[in-house]
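What the coordinates show
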Amino acid sequence: PPGAAAPPPAEPAPAAPAAPAEPVAAAVPAEPAVPTPPPLTQKPYPGLFDMPTAGTAQPMGATLSADGVNFAVYAAPECLGVHLCIWKPEDLKAGKEPTVEIPLDPTTNRTGNTWHIHLPKASDQMLYGYRINGQKDQHKGHHFDWENILLDPYAKAVLSGDRKKYGEQSAMCQVGEECWPQYAGAVPSRQDNFDWEGVTSPKYELSELCVYECHVRGLTAQDGGGTYDDIIPKLPYFKRMGFNALELLPIHEFNELEYYTPNPVTGEMRYNFWGYSTVNFFSPKQLYARSAGDDCGRAANREFKTLIKECHRNGIEVILDVVFNHTAEGNERGLSLSFRGLDNRTYYMVAPEGQFYNYSGCGNTFNCNHPLVREFICDCLKYWVTEYHIDGFRFDLASILTRAPSNWQAPNDEGHPGTGMENNEVGVGEALPDPPLIAAISNDPILGKVKLIAEAWDAGGLYQVGNFPHYGKWAEWNGRFRDDTRNFIRGFDGYAGIFAECLCGSPTLYSQGGRKPHHTVNFITCHDGFTLRDLVSYNEKHNEANGENNQDGEESNLSWNCGLGPHEDGINATPVAKMLRDRQMRNFFTALFVAQGVPMIHMGDEYGHTKGGNNNTYCHDNEMNWMDWGIAKDPVKNAGLSRFMRLMRAFKARQPALRLSEFPNENNIKWHGHEPDQPMWDETSRFVAFTVKSHEAGAENSETLYVAFNAHHLPAKVVLPNPPDGCAWRMVADSALQPPYDFLDADDIPAQSKAAAEAMIRPSLAANVYTVMDRASVVLRAERVTPLPPPPVPEVPAATAAPAAAPAAEAPPAEAAPPPQAPPAQ
């Protein structure tokens, strides 16, 4: 789909270099003559700046100097000339040509391939861009166009003409250009200060996180909001639910009007809602701000910083979803907004005839491992960490970041662009075992300390889940956990052992190379694909509302509507199927929170948000993608699902056994079947049970837990293992029970009702027998009912010994547990 990365197939492609997608040949227009720029004249502009001077090549972008602003921009070696274009804010809003253009002298304003100029006493009420002169030759990969004024890739605040409100077109542009008014960057201001008030990041360990994937506008648009500022009043909700990290879908500058055409089905306009189509990587999206357009766009930056500060004040970290795999400029027929007009064949992976490699599925591929692009990406990431106090990054289609670049400055023996690696023996697009970009990020003193999460696949067939070059620091979205857990919970044969591996943190994937359980980010759903409610309510996708005849979106969703066929999709289900759907969602939450690793939940899943079976809602700015706070905050309306999720999250947080620092082994986990110590790993088994306890330092009071999953359509009468001496099994949760008894080990149930429910269960647990209902999960904990014996009294040195006393009773030695039977290798 446009602007959206499809999830990988259920059966992953081999983690090997894929051949580049066949470039689509574009119609080649007649090559225009190189425009003749006006004569080189530099002069002051009263009220804006004094007489320009040469400037310096570093730092990149527009930066403050002692007495003005320095501008530095990289352009291709073939660039013949550069003009710095300056607007007054009112001129940009009125759709006028630049207020002033300053030609740069190639002898004094150029160092290498960096063009630079300094404007003394520069006003902070200026916006800027660049004209680039050069030959437009698509066959050679050049897209210079003197008519375009380009956005500086290093611009720190971005405005787009007169646009100040999300979803509204420009009123000043010519017909046909209303969605794409002129972009311009803001110069820095000495008055642009921000007070962090001493608030700092919680700096959680990765293992402590519970990640909430969410969309800035989608969180509050239903209430008429949709801005950074509107999220702040919602932070207590996230805190109460136990989400201590918000993973924001793209907030880098993008154009939500990119697909602005009438939807033939709904009559609404289509939007680029998700935002996976970046225009500028250094600036937050302007129109996500209540203060959009104010102070030359700088007010939006401060509004976003305020959100981050308040998140940190509430103990919530902020992770950005970043899209360095492609940009909004599209393929050969696309727009020239910034990168393409500066140096198309450096910033993008360009084939010998000028076509684009398309590993992203979105028209172009960012040339991430080219030295210049690598430096750009690292500069950008460090800026977000140092300037905005961002806690980490999730890298969209991160496998592209491991592919060998195309380098036109290092031709191969055939005269085509090579890679410049190992005498060009490494082919363009090959997966690199030691990618320069990933190495640079991992070893950087700033970036190496933040959370780094890879979506370890791309649209070109490279699937690296478990094999992403990690340098001991990168976590991964565990797509295998998602797929295998879906298959087991919906009752497919052959997944018992595979599901057990998921519950252990996927050690087969992550134990090699020194990684730990916290390097797997476990999830059931994300912005791509079905919501959790739709996963248990639809056998097939229903994307008709996208206006593409239901041809878009992933066909294989590993879903089940809990009925007897597609005719029971959605609201057409029987009452029995609808009740089972609630139970299945509880099962998924149980699996997510008892598994070793970092849990991630997509926005709205905690209350059962539905999109009506649409698994590709990239183009909808409506209730499909908007949080419904009326349901989210009312456990009655959401059938107790949000309560169950919240309590299960809290249970994981206080149980060391569910947050082991090392992968489980025979010393802390034992597997069971319907009988203790007799796990059921046969092909037709749909039952997995285990006991787990932490023996790690600091977890001396860790409880032993018993967890069972029965994905069969029949109940299972289970003989429980004996609890530890002095303990008795106590019910924590049973997904087959109705709320609030589905999570019984809680303080929000009236005491009399809770006592009655426990009294009904206690005899069975005391006899070490329990019936796990069909398609249900159960969690028990071994509660101590007799106190532990006191520790031995320490011996007193003989020189100061008191009169002899009766010897203290020795504590009985810990009983050695027999080694458990591990699941067979899958």
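Source: prediction; values computed, not measured.

Scanning the chain from terminus to terminus reveals 16 helices and 30 strands. Taken over the C-alpha trace, the chain has a radius of gyration of 30 Å; the compact-globule value for 826 residues is 28 Å, and the two agree within 12%. Principal-axis analysis of the C-alpha atoms gives the chain an extent of 100 × 80 × 55 Å. Among the 826 residues that make up the chain, the fraction classed as buried is 59%. Of all intrachain contacts in the chain linking residues separated by at least 6 positions in sequence, the fraction that spans at least 24 positions is 74%. Approximately 32000 Å² of the chain is accessible, and the part contributed by carbon and sulfur atoms is 53%. Taken as two groups, the 68 positive and 101 negative side-chain charges of the chain have centres that lie 5 Å from each other.

This part takes up the pattern of salt bridges. Close approach of charged atoms lets side chains of opposite charge pair. In total, this model carries 46 salt bridges according to the counting rule given. Close ionic contact of Glu197 with Arg313 constitutes a salt bridge, the shortest N to O distance being 2.6 Å. You can see Glu197 sitting in the loop between β11 (183-186) and β12 (211-214) and its partner Arg313 sitting in helix α5 (residues 298-313), a full 116 residues away along the chain. Classification of Glu197 as partly exposed rests on a relative accessible area of 48%. Arg313 gets classed as partly exposed once you look at its relative accessible area, which sits at 41%. For the salt bridge of Glu662 with Lys516, the shortest nitrogen-to-oxygen distance reads 2.9 Å.

Now for the nonpolar core. In this structure, Phe71, Phe238, Phe304, Phe393 and Phe395 are the most contacted members of the largest nonpolar core, which totals 198 residues. Sort the elements by how many residues they give to this core and helix α7 (residues 371-388) lands first, with 10 residues. Excluding its chain neighbours within four sequence positions, the residues that come into contact with Phe304 are Tyr228, Leu248, Ile251, Pro284, Leu320, Trp384, Tyr388 and Ile390.

Attention now moves to the packing of aromatic side chains. Taken as a whole and judged by the stated rule, the model has 53 aromatic pairs. For the ring pair Tyr166 and Tyr271, a centre distance of 6.4 Å and an interplane angle of 20° mean the geometry is stacked. Here the residue Tyr166 occupies a position in the loop between β10 (158-160) and β11, and Tyr271 occupies one in the loop between β14 (252-254) and β15 (278-284), the gap between them amounting to 105 residues. Residue class for Tyr166 comes out buried when judged on its relative accessible area of 9%. One cation-aromatic arrangement involves Lys285 over Phe254; the distance from NZ or CZ to the ring centre is 4.5 Å. The aromatic ring of Tyr348 is capped on one face by Arg340, whose charged end is 5.8 Å from the ring centroid.

This paragraph deals with the sheet that holds strand β2 (residues 68-74). Strand order in the open sheet formed by four strands is β1-β2-β6-β5, with antiparallel pairing between adjacent strands. The open sheet has two edge strands, β1 (61-64) and β5 (110-111), and neither has a second partner. Two elements, β5 and strand β6 (residues 114-120), share two bridges in a ladder whose sense is antiparallel. Each bridged residue has a counterpart across the sheet, and for Thr111 the counterpart in β6 is Thr114.

Glancing now at the confidence of the model for the chain. Counting all residues, the mean pLDDT for the chain is 92, and 91% of those residues have values of 70 or more. In this model residues 1-29 is a low-confidence stretch, pLDDT under 50, and it forms 66 contacts with partners more than four residues away in sequence or in other chains. This stretch, residues 800-826, has a pLDDT under 50; its non-local contacts, to residues over four places away or in other chains, come to 22 contacts.

A word on the packing of helix α6 (residues 339-347) against α7. Two elements in contact, α6 and α7, have axes whose closest approach is 10 Å; the angle formed by their N-to-C orientations is 120°. Taken as axis vectors, α6 and α7 run oblique relative to one another. Of the residues in α7, those in contact with Phe339, Thr346 and Tyr347 of α6 are Leu372, Val373 and Phe376.

We now examine the environment of Trp146. Structurally, Trp146 can be placed in the loop between β9 (142-143) and β10. Residue class for Trp146 comes out buried when judged on its relative accessible area of 12%. For the pair Trp146 and Val34, spaced 112 residues apart in sequence, the C-alpha separation works out to 8.5 Å.

Let's shift gears to helix α16 (residues 751-766). Residues that lie three or four places apart on an α-helix share one face, since the helix turns once every 3.6 residues. The terminal C-alpha atoms of α16 lie 21 Å apart, and with 16 residues this matches the ideal 22 Å at 1.5 Å per residue to within 8%. At Met760, α16 shows its maximal kink, close to 30°; a proline, Pro763, follows between one and four residues later. Residues of α16 that are buried: Lys754, Ala757, Glu758, Ile761 and Leu765. Elements in contact with the buried residues of α16: β28 (727-734), β29 (769-772) and β30 (776-784). Asn768 occupies a position one or two residues after α16 and carries a positive phi of about 60°.

Turning our attention to the pairing of β30. Here β30 lies mainly inside the structure; seven of its nine residues are buried. The pairing of strand β26 (residues 705-710) with β30 spans six bridges and is antiparallel. Paired with Leu705 across the two strands is Arg781, which belongs to β30.

A few words now on the packing of helix α9 (residues 479-489) against helix α13 (residues 575-594). In contact at an axis separation of 11 Å, α9 and α13 are set at 135° when each is read in the N-to-C sense. As judged from the angle between their axes, α9 and α13 are oblique. For the pair α9 and α13, the crossing hand works out as right-handed. Between α9 and α13, the contacting residues are Phe481, Thr485, Arg486 and Ile489 on the first element and Gln584, Asn587, Phe588, Ala591 and Leu592 on the second. Of the residues belonging to the contact of α9 with α13, the class tally is five nonpolar, three polar and one charged.

This paragraph deals with the pairing of strand β7 (residues 127-133). For β7, a buried count of seven out of seven residues is recorded, marking the element as mostly surrounded by other parts of the structure. Of the two faces of β7, the one lined by Leu127, Gly129, Arg131 and Asn133 and the one lined by Tyr128, Tyr130 and Ile132 are each fully buried. Bridging between strand β3 (residues 81-87) and β7 involves seven bridges; their strand directions are antiparallel. Residue Leu84 lies in a different strand from β7, and its bridge partner there is Tyr130. The sheet contact formed by β7 and β11 spans two bridges and is antiparallel. Looking at the pairing, Tyr128 lines up with Gly185 of β11.

Two orientations exist for strands paired in a sheet by backbone hydrogen bonds: parallel and antiparallel. Reading around the barrel, the eight strands line up as β12-β13-β16-β17-β20-β21-β22-β23 and close back on themselves, with parallel pairing between neighbours. The average angle at which neighbouring strand axes cross in this sheet is 25°, direction not considered. Here strand β21 (residues 474-477) runs beside strand β22 (residues 520-523); their pairing, made up of two bridges, is parallel. Each residue of the ladder has a partner; that of Glu476, found in β22, is Thr520.

Relative to the assigned elements, Thr691 resides in strand β25 (residues 687-692). Using a relative accessible area of 9% as the deciding quantity, one classes Thr691 as buried. Spatially, the C-alpha atoms of Thr691 and Ile669 are 5.6 Å apart, while their sequence positions differ by 22 residues. Among residues more than four places away in sequence, those in contact with Thr691 are Asn668, Ile669, Lys670, His672, Thr704, Leu705, Tyr706, Pro721 and Trp729. Side-chain polar atoms of Thr691 contact the side chain of His672, separated by 3.0 Å.

On to unusual backbone geometry, then. In this structure, the amide linkage connecting Gln58 to the following residue, Pro59, adopts the cis form with an omega of -5°. Summarising the element assignment, Pro59 is placed in the segment before β1. Cis rather than trans, the peptide bond between Pro739 and Pro740 has omega equal to 0°. Note on placement: Pro740 falls in the loop between β28 and α16. Despite not being glycine, Glu422 has its phi angle at roughly 50°, a positive value. Mapped onto the secondary structure, Glu422 falls in the loop between β19 (417-418) and α8 (436-443). For Arg775, which is not glycine, the phi dihedral falls at a positive 50°. Examined against the element boundaries, Arg775 turns out to sit in the loop between β29 and β30.

Quick notes on the rules
Residues numbered from 1 in each chain as written. Predicted model: local features only at pLDDT ≥ 70, side-chain atom pairs only at ≥ 80, totals over all residues. Heavy atoms only, no water. Helix = DSSP H or I, 4+ residues; strand = E, 2+ residues; numbered from the N terminus. Rg over C-alpha atoms; globule rule 2.2 N^0.38 Å. Buried < 20%, exposed > 50% of the residue type's maximum accessible area, 1.4 Å probe, protein only. Contact = heavy atoms within 4.5 Å. Areas by Shrake-Rupley, 256 points an atom, 1.4 Å probe, with all protein chains shown as cover. Lys, Arg positive; Asp, Glu negative; His and termini not counted. Charge placed at Lys NZ, Arg CZ, Asp CG, Glu CD. Salt bridge = Lys/Arg side-chain N within 4 Å of Asp/Glu carboxyl O. Core = buried A, V, L, I, M, F, W, Y, C linked by side-chain atoms within 4.5 Å. Phe/Tyr/Trp six-rings, centres within 6.5 Å; stacked < 30°, edge-to-face > 60°. Lys NZ or Arg CZ within 6 Å of the ring centre and 35° of its normal. Pairing = 2+ DSSP bridges. pLDDT = per-residue confidence, 0-100. Axes fitted to C-alpha atoms, helices over the stretch in contact; angles between N-to-C directions. Parallel < 35°, antiparallel > 145°, perpendicular 65-115°, else oblique. Expected span 1.5 Å × (residues − 1). Bend = angle between axes of the 7 residues up to and from the residue. Left-handed = near helix turned anticlockwise from the far one by under 90°. Nonpolar A, V, L, I, M, F, W, Y, C, P; charged D, E, K, R; others polar. Polar contact = N/O pair within 3.5 Å; in protein donor to acceptor, adjacent residues only side chain to side chain.

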